[in-house]
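Summary of the model geometry
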Amino acid sequence: FETASTRPGIKDMTAIVTCAGGGMLRAAPRTFKQNTFIISCDDDLEKPQVQKLRKLGYTIYKNELVLSGVLRQQLLTSERDFTLLLPAKVKGSKRNKENKAPARRTR
């Protein structure tokens, strides 16, 4: 999914992602889904839509994630250079519980 002010625009980004074998969502996801990426820009970071996506557990990425991913033929989601915002930490969130490391057993 791409937010409104992100460049290249939705038409061009859809063509890029489709050529690389992916797909674009026309509307923002309402729940967290694995293998769904949110692409945004600085102009949209304070918008309610982006904040809602963070609360759902999404990391917000720069457009460079997709553009460099096409060139490398690999998405490097661990690269901090491509990250705009990390997911918000919401108490009691199912997504946050999934991300916690299992408790260690002591003998």
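Figured I'd write up the structure that's included with this text.

Rules and cut-offs
- Residue indices begin from 1 for each chain and proceed along its sequence in written order.
- At least 70 in pLDDT is required for a residue's local features to be given in this predicted model, at least 80 for side-chain atom pairs to be given and counted, and no such filter applies to totals for whole chains, interfaces and linings, which use all residues.
- To get the side-chain values, take all heavy atoms of the structure and skip hydrogens and water.
- What counts as a helix is a DSSP run of H or I of at least four residues, what counts as a strand is a run of E of at least two, and both are numbered from the N terminus.
- N or O atoms within 3.5 Å of each other form a polar contact, as long as, within protein, one can give a hydrogen and the other can take it, and as long as residues adjacent in sequence are counted only when both atoms are side-chain atoms.
- Any two residues whose heavy atoms approach within 4.5 Å are treated as being in contact.
- Here, any two strands with at least 2 DSSP bridges between them count as paired.
- Note on geometry: axes are lines fitted to C-alpha atoms, helical ones only across the stretch in contact, with angles between N-to-C directions running from 0 to 180 degrees.
- Here the nonpolar core consists of buried residues drawn from Ala, Val, Leu, Ile, Met, Phe, Trp, Tyr and Cys, with membership extended through side-chain atoms lying within 4.5 Å.
- To sort residues, take the accessible area from a 1.4 Å probe on protein chains only and compare it with the maximum for the residue type: under 20% means buried, over 50% means exposed, and anything in between is partly exposed.

**So, the side chain of Glu2**
Tracing the sequence through the fold places Glu2 in the segment before helix H1 (10-19). For Glu2, the side chain forms a polar contact with the main-chain nitrogen of Ile10, separated by 3.0 Å. Ignoring sequence-local partners within four residues, the contact set of Glu2 consists of Pro8, Gly9, Ile10, Met13, Met24 and Ile39.

**Digging into the sheet that holds strand E1 (residues 38-40)**
Strand order in the open sheet made by the three strands is E1-E2-E3, with mixed pairing throughout. At either margin of the open sheet sits one strand with a lone partner, and together these are E1 and strand E3 (83-85). Neighbour-to-neighbour, the strand axes of the sheet open up by a mean angle of 45 degrees, direction not taken into account.

**Examining the nonpolar core**
One finds Phe1, Ile38, Leu45, Val50, Leu53, Tyr58, Ile60, Leu84 and Leu85 forming the largest nonpolar core, which totals nine residues. If you list the elements that add at least two residues to this core, you get helix H2 (48-56) and E3. Sequence-distant contacts of Tyr58, that is, excluding residues within four places in its chain, are made with Pro29, Thr31, Phe32, Lys33, Thr36, Ile38, Leu53, Leu86 and Pro87. Residues Met13, Val17, Ile39 and Leu76 belong to the second largest nonpolar core, which totals eight residues.

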